[in-house]
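So you can see what is in the structure, the chains are spelled out below.
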Amino acid sequence: MTDVGIIGVGIHPFGRTEGRSGIDMGIYAVREALSDCSLNWEDVQFAYGGSDASGNADTMVKQLGLSGVQFVNVKNGCATGGSALYAVASTIKAGEYDIGLAVGFDKHPRGAFNPLPEEWGLPDWYGAQGYMLTTQFFAMKIKRYMHDFNISDLSLGRISEKSFANAEHAEHAWRRDPVSLAEIMESPMVNDPLRKYMFCSPAEGGVALILASEKKAREIGAPFIKLDAAIMRTRPQGSFEVFAPSIDNDIDGSATRLASQAAFDLAGIGPEDFDLAQLQDTDAGTEIIHMAENGLCADGEQEQWLAEGKTLLNGQLPINTDGGCIACGEPIGASGLRQVYENVVQLRGQAGARQVQNDPRVAYSHVYGAPGVSAVTILRK
Amino acid sequence: MDQDITGEIPHLVLSEDGNYYLQGGHNEASGKYVFPLMGGDKEFFEPVQLKREGTVWSFTVQRFRPKTPPYAGPDDFIPYLVAYVDLPGQLKVEARLVDIEEEKVEIGLPVELTVIPDINGSPGSVMHAFRPLEKSAA
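Thresholds, definitions, all that
- As a convention, each chain's residues are numbered from 1 in the sequence order in which they are written.
- Key to labels: chains lettered from A, ligands numbered from 1, both in the order written.
- The predicted origin of the model limits local features to residues at a pLDDT of at least 70 and limits the giving and counting of side-chain atom pairs to 80 or more, whereas totals for whole chains, interfaces and linings rest on all residues.
- Per the convention used, a helix needs a DSSP run of H or I reaching at least four residues, while a strand needs a run of E reaching at least two, with both numbered from the N terminus.
- Our radius of gyration looks at C-alpha atoms and nothing else; its globule reference is 2.2 Å times the residue count to the power 0.38.
- Any residue surrounded by 20 or more other C-beta atoms within 10 Å of its C-beta is treated as buried, while 12 or fewer makes it exposed and the intermediate range makes it partly exposed; C-beta atoms here are placed from the backbone.
- Any pair of residues counts as being in contact when their C-beta atoms, constructed from backbone geometry, are within 7 Å of one another.
- Domain ranges listed in this record stem from an automatic or a database domain assignment.
- In this classification, the charged set is Asp, Glu, Lys and Arg, the nonpolar set is Ala, Val, Leu, Ile, Met, Phe, Trp, Tyr, Cys and Pro, and all remaining amino acids, among them Gly, are polar.

### A short note on the overall build of chain A
Then, number 1: Within chain A one finds 13 helices and 12 strands.
Then, number 2: Relative to a compact globule of 381 residues, whose C-alpha radius of gyration would be 21 Å, chain A shows 20 Å and is just as compact.
Then, number 3: Principal axes of the C-alpha set define a box for chain A whose edges measure 55 × 45 × 40 Å.
Then, number 4: Every one of the 381 residues in chain A was classed for burial, and the buried ones make up 60%.
Then, number 5: A separation of at least 24 residues holds for 77% of the contacts in chain A among residues at least 6 apart in sequence.

Structure (structure tokens):
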């Protein structure tokens, strides 16, 4: 099989852009990505793309050019971007095409998501009585985790403090004003123990990645960041997932653990080799849990890691270098590809004031979402 | 075959002893429990009355009004406690926690099933919740 990698990246700033549709943000990102590797739309041989709530990706050919290109729509919840990336990479690895596009975008209304019980196989009373909230689930998950592994409230605050500090230097981030630890810890409680500044919000944005075989990348003289692994997994028996009226007594395993392990096996490297990581941070608590679920540290070690600043930009293993979901917001279809975008920029050494200082060679990304899906990637310079 | 795979089997039932029970499902072969028991589960799970007593496994306070739909509560919003209650040997169920101040809730707190007026305010109808276990005087 041929090696596959990323040669072009483009992003539409995250946050709120009045008057611009989700799909237009996707188109904007595609044009940026093409320009990044000096290709034309007609050079793209095939595409996978999607959004969760902003329409069909393939309709963007109207604006990009009616080249007759093969364009497949992906709708896979929070793993939409990761699944698109997997499909593009696999097709190139199989030798069917040389140059492909993965694109994700979304535009969500303000406030928490309001999913309906019947769409999730749940009884009406579950929504009516006020249980159907992702924030509630994440709060109870981290509450138990903090109890089991001695994680302090201050550690939650440190995650958010880092996110906003990093985002100040990320042009594509949404919330770019630093927020002090004191301000975070005094912000209103939303779902105990999580406060206002510890949550990400639904948002808007688009990301596009141009992938190519190594041979093709050399031919056209484009910078090549190798994609060692792109993996998507669903949940195993006994996992503790969002929208659960009940959970098994024996909680064991998660979609994240399955996806990360599969990626390590495929790439032949593990967390000790990573120079930076982007982790799903729906809230400060999930970043803490995901540090362990992805094997970056042991359960409970986060307390010390955060106190020592190990995951800051100048730390041993910087995490969420562009501020993650907490500072960028979460347009579902684009969120996972944003992480990959950020890793490519960092590996190229083009991240400016937020550039990590450890001369990064290997970068990891991880998304997680309802109803228990996870997608991870490993990139190598 | 006569099977309703869409309907929900009642999750809160008034038993002959005058007590309410949560009704879940149990698969004897695997030992696994589910709650609620949905129509699609009937092939694998027998209806079972869940234990009425357990301990708080985790909890939070819902401090903002959920969006309607699906939330059916009044516009006037009062924050409420939500917990996962560990029913020993069975499973953990998500439920409101009542009759306790939020500062007093802690993981491991013994609780028992109770009912409170239904969210939509319809007279006589109730929904499930848990409350601190009364220390028996006997």
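### Observations regarding the domain arrangement of chain B
All names here are of chain B.
Then, number 1: According to the domain assignment, chain B consists of domain 1 (1-50) and domain 2 (51-133).
Then, number 2: Here the C-alpha centroids of domain 1 and domain 2 sit 20 Å apart.
Then, number 3: At the interface, eight residues of domain 1 touch nine residues of domain 2.
Then, number 4: Counting residues per element, the side of domain 1 that touches domain 2 draws most heavily on strand β2 (residues 20-27), which supplies three residues.
Then, number 5: Across the side of domain 1 that touches domain 2, the residue classes break down as seven nonpolar, one polar and no charged.

### What to know about the interface of chain A and chain B
Then, number 1: Between chain A and chain B, the residue contacts involve 31 residues of the former and 33 residues of the latter.
Then, number 2: The set of elements that each furnish at least two residues to the side of chain A that touches chain B consists of α4 (124-128), α5 (134-149), β5 (189-191) and β9 (246-248) of chain A.
Then, number 3: Classifying every residue of the side of chain A that touches chain B gives 16 nonpolar, 11 polar and four charged.

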